[in-house]
Amino acid sequence: KSGGVMAAPGWAPRPPGKDTAQVYLGSDALGAGLRAALVGALRARGWQHVTDLTPAGEGRGGTPPAYFEAAQAVAERVALAGARGRGVLVCGTGAGVCLVANKSPNVRAVAAENVAAARNARSINDANVVCLGELITGFEDA
């Protein structure tokens, strides 16, 4: 007996959905194409709070963003959003951004190469950031 309030059997809090989740995306130069496509696809599918956090300078003749800059920006925002925070990071393989994102408190990032890996990481491990590799993951799987 925990002494706390008991919920009805089978009850669980409603997970954030398209209307409440805060989805943050970022990438380095290698992941720019897939990231841009994902931003458009999420918005087209009705996700209301989608924010592209790719550092300024991309496509403006400036220095391309580094993978660690993108990962830090997304991880910070996901952590601040709490239970509503979700992140998508894209680099060449997904490994670099995953390593950096996991250094942030309350961020559980996973490098997923296919749909099954991403779904299992979300449902079993409560991952809140998925890391993709544009050189590995096709848009259909992303």
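Now for a quick tour of the structure.

## Here's the deal with the nonpolar core
Part 1 of the reasoning: Counting residues in each nonpolar core, the largest one holds 18 residues, and the members touching the most others are Leu89, Ala109, Val129 and Cys131.
Part 2 of the reasoning: Those elements that place two or more of their residues in this core are helix H2 (67-81), strand S3 (85-91), helix H3 (95-101) and strand S5 (129-133).
Part 3 of the reasoning: Of all the elements, H2 adds the most residues to this core, at 6 residues.
Part 4 of the reasoning: Other than its neighbours up to four places away in sequence, valine 129 contacts Val78, Gly87, Leu89, Val107, Arg108, Ala109 and Val110.
Part 5 of the reasoning: Core analysis: the second largest hydrophobic core is formed by 11 residues, Ala21, Val39, Leu42 and Val50 among them.

## As for the pairing of strand S1 (residues 22-27)
Part 1 of the reasoning: With 6 of 6 residues buried, S1 is to be regarded as a mostly interior element.
Part 2 of the reasoning: Neither face of S1 is left uncovered, since the one carrying Gln22, Tyr24 and Gly26 and the one carrying Val23, Leu25 and Ser27 both have all their residues buried.
Part 3 of the reasoning: Bridge count between S1 and strand S2 (residues 50-52): 3 bridges; the pairing is parallel. Directly across from leucine 25, in S2, lies its bridge partner aspartate 52.
Part 4 of the reasoning: After leaving S1, the chain enters helix H1 (residues 32-44) and then returns to the sheet as S2, a path that is right-handed.

## Side note on the sheet that holds S3
Adjacent strands of a sheet form backbone hydrogen bonds with each other and so pair up, either parallel or antiparallel.
Part 1 of the reasoning: Pairing is parallel in the open sheet, where 5 strands are placed in the order S2-S1-S3-S5-S4. Each edge of the open sheet is held by one strand with a lone partner, namely S2 and strand S4 (109-111). Taking each pair of neighbouring strands and ignoring which way they run, the sheet shows an average axis angle of 20°.
Part 2 of the reasoning: Taken strand by strand, H1 contacts S1, S2, S3 and S5, and its axis lies near 160° from that of S1.
Part 3 of the reasoning: On the sheet, H2 packs against S1, S3 and S5 and is oriented at approximately 170° with respect to S3.

Conventions used here
Residues numbered from 1 in each chain as written. Predicted model: local features only at pLDDT ≥ 70, side-chain atom pairs only at ≥ 80, totals over all residues. Heavy atoms only, no water. Core = buried A, V, L, I, M, F, W, Y, C linked by side-chain atoms within 4.5 Å. Buried < 20%, exposed > 50% of the residue type's maximum accessible area, 1.4 Å probe, protein only. Helix = DSSP H or I, 4+ residues; strand = E, 2+ residues; numbered from the N terminus. Contact = heavy atoms within 4.5 Å. Pairing = 2+ DSSP bridges. Right-handed = clockwise from strand over helix to strand, strands pointing away. Axes fitted to C-alpha atoms, helices over the stretch in contact; angles between N-to-C directions.

By themselves, these observations are geometric and do not establish any function.
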